[in-house]
Structure formats: structure tokens, C-alpha cells
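Results of the structural survey
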Amino acid sequence: MPRSFSPSDSTSRSSFSSVRENDDGLAQTFTRSKISSYSGLHAEVFDESPSPSAEDQIAFRPPLTSPNSKLHGFFYPADSFKGWRAIPLKGKAASRSCEDLHKLSMTWDSPASQPKKALDAYAPGKSPLESLPTEILGSIIDLLVVELPTNGLTLRNTDLMSLLLASRTIHAATIYTLYRHITIPHSRIFRKFLATISQYPSLGSVVRRLDFSHFNPSTIFSTASERARTQNLTSETLLNSLQLMPHLQEFLAQEYIDDDLSPEVLWKLFVDMPQLRAIDFCGASSAAFKNSFTSILDRAWPEQLPITRLSFHKCLNLPSAVFGTLLPRLGRLTHLDVAGTRVTGAALESIPTTARLTHLNLAKCKEISTEAVVKFITTHPAVNESLVYLSLATEASNHLLLGKHDVEAILPRLPNTLRSLNLKGSRMEPSHMSLLLPLVQHLEELALGRGLEMSDVHRLFYRDGQPISHNLRYIDLSDLDAIIGSASTLLSQSSAPLHVIEIHERAYERIAKLKKNLVQAGWTVKEFGSRYWLVRLNADGTTWDNGARWWKSGAESWGMRKVPVAIAEVGGMYGSYMFGRRL
């Protein structure tokens, strides 16, 4: 297991490259480790000794009275068992049970070993595995992929490297698996990757995704000057790599490489890569990134761009003109994340009517007026019939996007395709519960705004003290001041399938002190970064629903803050933005 540290550990900065969902089966569980502390350590060694052979295992012996019965009988032990006579009783071999068993022909002796049948020999390239269709063989090999090692430095995909030596057919399928999705944890890996596709350009044509979401520049080099001297990842080398990947479909960047996103790189991504469908600039907000975008706005843009999934999540300083230039050209847009940006209502209205948005994140967009948001959500053809994920969240302390009348206008117009709705920070009142009741029949995630009491929330789950049908798995109550106790009806079995409740920090601090009572009620507490959850448990202490859904594109936890634009393992910087931060 990887070493893990508490997010509150202040001894040194936790690298975002190690933030990832834990695969132990418990919902809302994450790990975060300090990658730079591993650079001088060896990877942990696991015991890979072979399991006991078949001859050492116990075997079933049928009963004498009904030899064909599988319900009764007994098992004789492994060869290591020396017989009852060898069991000392007060210093003597006092047992005589073995003689009685011999008389009944029920001995502990192992059956005579059967001669092993010789394996059939196949001609080269004719084995059943090699005869599988390419799609099936590739799916099998995909199961061996390790996208990112535990510490970001040790060797990965050693099993795949061995498969390269198996046969020509398996070699070809393995090469496709190795190079289809390229994850870059640090600049040295990028240098090796670029050198390889430069020497063998055919490998560059295999690449479909270039992923920097796990990138950490401090993993190898401790200072900025050391990183600058290596020249492993620069705007020039990044542009060279893009030119060698003509079939690239997904490009995932983040704030650690925003200085390397030069005007030429951006123009290459948007205009000169016709097969590119997804771009993510999560957290990119440097002055160099802003200047690069600004410098290409006056160029001759094509009328249509091929991008279908676009994320500017928390790109704080991009001018509004960027969105006014890009959005009118995205006629096939399905995913748009502009949380925390300066996007305007006019830019949203300019999205072509041919687009069909399934995922839209407008959290903390202060340049959009309330009227523009209500009009866009309720009338624009790109959203009013296709939305699956919608976030209109704000921080109530410094910005109000939706008042109570705005909430009343939006709720009845939301499509029944919606699965996740975030109204955090909006001004709500008890009358809104009746508008939410039809929605919770298909919603799986719901974040409520401020102004409600716990009695109002209970109306989503109970009527006249009796449970009512709903589909909610996750509800965010972090805007409510109410404290949830272990005796709350919200935690009873009758509230199922409700699985995760997000609460604010004060409520978490109080209920964490009473964790024993909470566990007895069938729940536990989880926290990561600045977020806190109550999670329902099974009788065996596990959870029955880890939150994986098709519309989350690989995420396996509830309450994601960031829209994913690629089906991939959630981790690195994206994991922090998606699950570790309030908004």
C-alpha cells in the first residue's frame, strides 16, 4: 500500500500528483502522499512467492453411503499432515483413529497422482489468445495497465513490457495499449516519450491522449533553476510532441504546465489537430497563459472547431473575449466547464443551437448576470433537453447568483435527463421542496442552497412520517447550519438509497466526536481537503455503492466539483479540484 499522509500535515507541501481515489471499496476515500519524499527511496517489495501447489491443498472425499453426493463427505488434509498417531498427547502418540479409518477404507492418504496431459502445441501465431479479435485482445491487455506508479518514479507496466516479447500479434496489441494513453508524471518521462516518438514516428500515430493531470515539476528537480536547465518540458518540446501525434484526441493540462502553453501550442491544439475532441486547462492562470491566449484572438479562426469537451476550470484571469471567440465555434459541444472564469452571458448565448450539452459547470462565474443564467438554462436548445450534470454553485458569503424567484423559475424547466444538480449558495425557501420532489425521482446528486431547515430537507424523503420514493444517493447540506445526530431519520434505513451526506466543518467536528454512535447507526465520517461527508455502511463495514456512474467518466465518488472531459482514473491535480475543495 502507498504511504499516505493527512491533508492537514503541514510539515511539507503535499504534492497534488499523489491525490487519488482509494480503491479499498469505501466511498469518499482518498489518499495523498508527498511524492518528492520518495525520490531517494526504493519501492516497497510485495511477497510474490507462488501459492501452494495443488498437491499441498486439501481435497474432497465423497461419503461411502452416497458417493455421488456433494453435500456430505469430508476433506483429507495436505501431505504435511502426518496422521493422528503423530499428534502427541501428554508426550505419547495416543491416538489410534487412523487404524479405524483404514478398516473403513477412509484413509488420509492422498490419491495417486494422475499423469499430466501434454499441452497441445500451436503453430506460431495460431494460439487461441492470438486468434482473438483485436478489440477483445486489447481489452484483456488493458487490464494490466498501470497509468501511474505509487510514487511517480518507479518502473510501471513491467507486465506489458514482458508481453512485447511474447509474439508478433501480442506485441502489436501491447504497443497500442502502451502508447494509446500517455500519462506524464514528471518531465523526465516526457523527455523519454518525446525521444521515442521522434525516433519511431509510427508510435506517435498511436497516441490518443496526452495527460499532464498527474504532472509534478518538483518530483525530480527541487528548484525552478534546475528544472529550467534540463529543458525537458518547454513550449518548444511540447509543440514538437504535438506535431508527432496526428491522431491525438484528448489533451489534459493543468496549472503546472501553463507557462509552456505558448501561442503556437494553443493554435496547434485548437486549429491544427482535426481529430482533437477534448481539452482541459484546469487551474491554468499564469500571466504567460493569459498572454498566449490573448495573442491569438485576432487570428483568422475557422468557423467550426472540432472540440466537443472543453474545460477552463478555475482559469481565473482569462479575458471574456476568449470565450466570446471560442464558444460560437463549438457546434458539437457536449461538456463545458467554465467554473470561476470570466465567461459572460453573451458568450453562453453564442453557443450554437446544434450543440447538446450534457455537462455544464457555471460555478462561481461572477461575470454572468442572474437573468442571463435563467434565460440560458430554461430556453437555449443546447441545454434544455440534454443536461445530465449542472452546477450553478456560488459562495454565498461574497456572491449571489440565484435568488428564490430564480430558483422557482429554473427548477420546473430542468430536463428529466438530469442526474446531478448543484444549487449551493443560492437563496432557497421551504416552498422549493415541492418543486424538487419530481426531480429527486431521477436526480442522484443534489446540493441545496441556504435558507432551509432540516425539517425542509426531510420532506424530500418522508411524507407524514412515511418514506417516499426517491433516487438520491448524495445530498450536500454544507450550506445548512443544522447538526445531524445519529438518531436523525435521515440516517435511518428508510432514507435509502441515500448513501452520502456532505456537511459543513462545524457539523463534522461535532459528529466526529460521537463516531461510535454514528457507526452503530450504520454510518461513518470521511474527510478530504476542505470537505466532509457522512457515508452509509453495510453490516460488514463496507459500502455498497462507491459512486461510479457512466456520467462521471471514471470518478468513483460523489459530489464532484469539476467536469471530467476524458474517461480516466481520477487523480493528480484533477483529484484535488474535483473532490478536495469546496468550490
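What comes next is a walk through the structure.

Criteria and thresholds
Residues numbered from 1 in each chain as written. Predicted model: local features only at pLDDT ≥ 70, side-chain atom pairs only at ≥ 80, totals over all residues. Heavy atoms only, no water. Buried < 20%, exposed > 50% of the residue type's maximum accessible area, 1.4 Å probe, protein only. Helix = DSSP H or I, 4+ residues; strand = E, 2+ residues; numbered from the N terminus. Contact = heavy atoms within 4.5 Å. Pairing = 2+ DSSP bridges. Axes fitted to C-alpha atoms, helices over the stretch in contact; angles between N-to-C directions. Parallel < 35°, antiparallel > 145°, perpendicular 65-115°, else oblique. Left-handed = near helix turned anticlockwise from the far one by under 90°. Core = buried A, V, L, I, M, F, W, Y, C linked by side-chain atoms within 4.5 Å. Patch = residues over 30% accessible without salt bridge, like charges linked within 9 Å, V, L, I, M, F, W, Y side chains within 5 Å. Areas by Shrake-Rupley, 256 points an atom, 1.4 Å probe, with all protein chains shown as cover. Salt bridge = Lys/Arg side-chain N within 4 Å of Asp/Glu carboxyl O. Right-handed = clockwise from strand over helix to strand, strands pointing away. Phe/Tyr/Trp six-rings, centres within 6.5 Å; stacked < 30°, edge-to-face > 60°. Lys NZ or Arg CZ within 6 Å of the ring centre and 35° of its normal.

What follows covers helix α9 (residues 263-271). Counting buried positions along α9 gives seven out of nine residues, so the element sits mostly inside the fold. Those residues of α9 not exposed but buried are Pro-263, Val-265, Leu-266, Trp-267, Lys-268, Leu-269 and Phe-270. On its buried face, α9 sits against α8 (235-243), β7 (250-254), β8 (278-282), α10 (287-296), β9 (309-311) and α11 (320-326).

This next bit is on the pairing of strand β20 (residues 531-536). The side chains of a regular strand alternate, residue by residue, between the two faces of the sheet. Across the six residues of β20, six count as buried, placing the element largely inside the fold. Covered by surrounding structure in β20 are Arg-531, Trp-533 and Val-535 together with Tyr-532, Leu-534 and Arg-536, the residues of both alternating faces. In this sheet, β20 lies alongside strand β18 (residues 500-503) in antiparallel orientation, the contact comprising four bridges. Each bridged residue has a counterpart across the sheet, and for Glu-502 the counterpart in β20 is Trp-533.

All right, on to helix α19 (residues 572-580) then. Of all the nine residues making up α19, nine are buried; the element is thus mostly covered by neighbouring parts of the structure. Of the positions making up α19, those classed as buried are Gly-572, Met-573, Tyr-574, Gly-575, Ser-576, Tyr-577, Met-578, Phe-579 and Gly-580. Elements in contact with the buried residues of α19: β1 (20-21), β2 (30-31), β7, β8, β19 (523-528) and β20.

This part is about the packing of helix α2 (residues 134-142) against helix α4 (residues 168-180). Viewed as axis vectors pointing N to C, α2 and α4 meet at an angle of 60°, and their least axial separation amounts to 9 Å. As summarised for this structure, α2 and α4 are arranged oblique, according to the angle between their axes. Relative to α4, α2 is oriented so that their crossing is right-handed. Contacts between α2 and α4 involve Leu-137, Gly-138, Ile-141 and Asp-142 on the former and, on the latter, Thr-169, Ile-170, Ala-173, Thr-174, Thr-177 and Arg-180.

Here we take up the nonpolar core. Residues Leu-210, Phe-251, Phe-270, Phe-281, Phe-293 and Ile-501 are the most contacted members of the largest nonpolar core, which totals 121 residues. For Ile-501, the contacting residues outside a window of four places in its chain are Ile-475, Leu-477, Ile-484, Leu-490, Leu-491, Trp-523, Tyr-532, Trp-533 and Leu-534. In this structure, Tyr-474, Val-500, Trp-551 and Val-570 belong to the second largest nonpolar core, which totals 18 residues.

Time to look at the side chain of His-399. Summarising the element assignment, His-399 is placed in the loop between β12 (389-391) and α14 (404-410). On the basis of relative accessibility, which here comes to 16%, the residue His-399 falls in the buried class. When residues no more than four places from it in sequence are discounted, the contact partners of His-399 are Cys-365, Lys-366 and Thr-394.

Turning our attention to a nonpolar patch on the surface. Residues Leu-129, Leu-132, Ile-136 and Ile-140 make up a contiguous nonpolar surface patch of about 300 Å² in total accessible area. With respect to the helices and strands, the residue Ile-140 is situated in helix α2.

Moving on, we get to the pairing of β8. Within β8, five of the five residues are buried, which leaves the element mostly enclosed by the surrounding structure. Covered by surrounding structure in β8 are Ala-278, Asp-280 and Cys-282 together with Ile-279 and Phe-281, the residues of both alternating faces. In this structure, β7 lies alongside β8, joined through five bridges in parallel fashion. The residue bridging Phe-251 from the neighbouring strand is Ile-279, located in β8. In terms of handedness, the path from β7 via α9 over to β8 forms a crossover that is right-handed. Judged from the three bridges that link them, β8 and β9 form a sheet pairing that is parallel. By the bridge assignment for β9, Ile-279 is matched with Leu-310. What joins β8 to β9 is α10, and the crossover it makes is right-handed.

This part is about the packing of aromatic side chains. Two aromatic rings are characterised by how far apart their centres lie and by the angle between their planes. Inspection of every chain in the model, using the stated rule, returns 17 aromatic pairs. Look at Phe-281 and Phe-289: their rings are 5.4 Å apart centre to centre, the planes differ by 50°, and that puts the pair in the tilted class. When its relative accessible area of 0% is taken as the criterion, Phe-289 is described as buried. Summarising the aromatic geometry, the rings of Phe-289 and Phe-293 are spaced 5.4 Å apart at their centres and angled 90° between planes, so their arrangement reads as edge-to-face. Linking Phe-289 with Phe-293, this pair stays in helix α10, spanning four residues, or about one helical turn. Taken as a pair, Phe-289 and Phe-293 share a single burial class, namely buried. Put simply, the rings of Trp-267, Phe-270, Phe-281, Phe-289, Phe-293, Trp-301, Phe-312 and Phe-323 pair up and form one aromatic cluster. Just above the ring of Trp-558 sits the side chain of Lys-552; from NZ or CZ to the centre is 3.4 Å. The ring of Tyr-577 has Arg-581 sitting right over it, with the charged end atom 3.7 Å from the ring centre.

That's the geometry; what it means functionally is another story.
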